[in-house]
Amino acid sequence: MSTAEAASHLRENPFGLAKSQLRRVGEIFELDPNLIRVLSQCKKAVEVSIPVAKDDGSIEVYLGYRVTHNIARGPSKGGIRYHPDVTLDEVKSLAMWMTWKCALMNLPFGGAKGGVICDPKTLSASELERMTRRYTSEIINDIGPERDIPAPDVGTDGRVMAWIFDTYSMNKGHSVLGVVTGKPLSIGGSLGREEATARGALYCIQALSVKNGERLADYSVAIQGFGNVGANLARLLHLEGAKVVAVSDSRGAVYNPNGIDVPAAVAHKQERGTLLELANAEQLTNDELLELPCDILAPCGLEQVITEDNASRVQAKIICEGANGPVTPTADAVLEDKGVLILPDILANAGGVVVSYFEWVQGLQEYFWREEEVNAKLHDIVARAFQEAWQTKERRDTSLRMASYGLAVQRVAEATTTRGLYP
Ligand code: NAD
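Being a predicted model, the structure only gives us computed values, none of them experimental.

Chemist: How should the packing of aromatic side chains be read in this particular structure?
Modeler: What describes a pair of aromatic rings is the distance from one ring centre to the other and the angle between the planes of the rings. All chains considered together, the criterion is met by 6 aromatic pairs. Here the aromatic rings of Phe109 and Trp360 are separated by 4.9 Å at their centres, their planes lie at 65°, and the arrangement is edge-to-face. Taken together, the residues Phe109 in the loop between α3 (88-104) and β4 (110-117) and Trp360 in helix α12 (residues 351-365) connect sequence positions 251 residues apart. Summarising the burial analysis for this pair, Phe109 and Trp360 share the class buried. Every member of this aromatic cluster is reached through a ring pair, and the members are Phe109, Tyr357, Phe358, Trp360 and Trp369.

In structure tokens form, the structure reads like this:
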């Protein structure tokens, strides 16, 4: 497939946006401009070509990246994305956000990200496996439990992590559990990892509802994206009594103002690979979903879906950023003016990396925890981060996004200063 021809979902350069966001944090929190210049760049970016034998005997060459943004607080951590629109700058921005996310959660990790320009939906399982194993071999000297630890992201899952784990381990001559997280349970995965990102988002929404003196059952929610994050968030919110009025995948949205039958939507998606034609629901476009009347809008698909073009039409009073970077900075300003409260990505979707950290710790110790233990520890970390961000927001009279980023960048800046500039 000619990946360069795919129409991208990215309207603005994401790395440019991430850097300008960092500059703004630097100004608000009065950080040393020298440090901001250091943190504006990625420590390392690797580009690899990945030749893959297709099932029909032809050979396709894919392009892959692995980027480490920063390791001041520990080895770098971040997902791997398989998507036709992947670009180096997108991977860099996601790597930078991982640095802030890990710091906000106070995890001993820096930030990284990887990506391969491909459409995994068009690859057979064996093509996907060969591509993953070759990609892993190409970056094998850049990853490792003490160096850089990948995880799933858009288009990758536990199966892909298992191939990365196996390829790395075969080359080292022994099983290296800590090289990757989001592994299946049978090979050292952690209980609770699958739904951890959504669970972290749920804990943030719960903490906010307490601040607002409301109950989850009072909320109506529209969720964009029905993959790991979106589908699990829909399921968890539904279990907590919230009314999920709309869900969507890349092919479109389904809407019922009285509430979607979430278990039926999950089953429908599993059986048919799409949400379209779900019973008792009206069909909408993804753009229409974003503008629905609801209390909470949770974009859980890709970046830059709420922009200056549609921000003024968003009706939700809370936005929960399940995805990374779904709201552009221009849209952010419009929403702030409208009084919309945004649970920012590095706070709202950090549950995944928190339980990835638990998986890494369990793997290194070869000692595994009960699911309740995982969820309780996840709750402790996310709830604490929420409170810290909330207090900073109040103290500084700024947005929850700026407060979260400010806390995180300050922590990374402090680690960088304490370590000193090498040599
Ligand atoms: P996924 O591949 O499991 O699911 C992505 C979903 O988004 C799919 O339902 C897909 O159909 C939908 N989608 C794709 N393009 C879309 C479009 N243009 N409009 C609407 N929907 C679209 O991916 P995921 O792991 O759920 O990740 C989703 C987002 O959450 C990404 O931004 C990712 O970086 C972020 N995230 C994921 C994790 C994790 O643990 N998986 C952790 C933190 C953040």
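Having seen it, we continue.
Chemist: Got a minute to help me understand the pairing of strand β7 (residues 243-249) in this structure?
Modeler: Most of β7 is tucked away, with 6 of its 7 residues classed as buried. With 5 bridges joining them, strand β6 (residues 220-224) and β7 adopt parallel strand pairing. By the bridge assignment for β7, Ala222 is matched with Ala246. Between the parallel pair β6 and β7, the chain is carried across by helix α7 (residues 228-239), and the sense of this crossover is right-handed. In textbook terms, the turn of a hairpin is the stretch between consecutive antiparallel strands, and for β7 and strand β8 (residues 252-255) this stretch comprises 2 residues.

Chemist: Can you walk me through the domain arrangement of the protein in this structure?
Modeler: Where the parts come together, the accessible area they lose is often given as the size of the interface. In terms of domain boundaries, the protein breaks down into domain 1 (43-178 + 404-423) and domain 2 (196-348). Domain 1 and domain 2 are separated by 27 Å when their C-alpha centres are compared. Taken residue by residue, the interface counts 16 residues in domain 1 and 10 residues in domain 2. Both sides of the domain 1 and domain 2 interface together cover about 1,000 Å² of buried area, and 58% of this is carbon and sulfur. Among the residues of domain 1 in contact with domain 2, Trp97, Lys101 and Tyr405 are the three that bury the most area, contributing 39% of the side total. Summed over the shared surface of domain 1 and domain 2, the result is 1 salt bridge.

Chemist: What is the right way to read the environment of Ile28 from this model?
Modeler: Within the secondary structure, Ile28 sits in helix α1 (residues 14-28). A C-alpha to C-alpha distance of 41 Å links Ile28 and Val254, two positions 226 residues apart in sequence. Those residues in contact with Ile28, other than ones at most four positions away along the chain, are Arg396, Thr398 and Met402.

Chemist: Any chance you could explain the environment of Ala281 here in plain terms?
Modeler: Here Ala281 lies in the loop between α8 (262-272) and β9 (282-284). Here the alpha-carbon distance between Ala281 and Pro257, two residues 24 residues apart in the chain, equals 8.8 Å. For Ala281, the residues in contact, after removing those within four places along its chain, are Val254, Tyr255 and Ile260.

Calculation criteria
- Residues numbered from 1 in each chain as written.
- Predicted model: local features only at pLDDT ≥ 70, side-chain atom pairs only at ≥ 80, totals over all residues.
- Heavy atoms only, no water.
- Phe/Tyr/Trp six-rings, centres within 6.5 Å; stacked < 30°, edge-to-face > 60°.
- Helix = DSSP H or I, 4+ residues; strand = E, 2+ residues; numbered from the N terminus.
- Buried < 20%, exposed > 50% of the residue type's maximum accessible area, 1.4 Å probe, protein only.
- Pairing = 2+ DSSP bridges.
- Right-handed = clockwise from strand over helix to strand, strands pointing away.
- Domains from an automatic or database assignment.
- Contact = heavy atoms within 4.5 Å.
- Buried area = accessible area lost by both parts, 1.4 Å probe.
- Salt bridge = Lys/Arg side-chain N within 4 Å of Asp/Glu carboxyl O.

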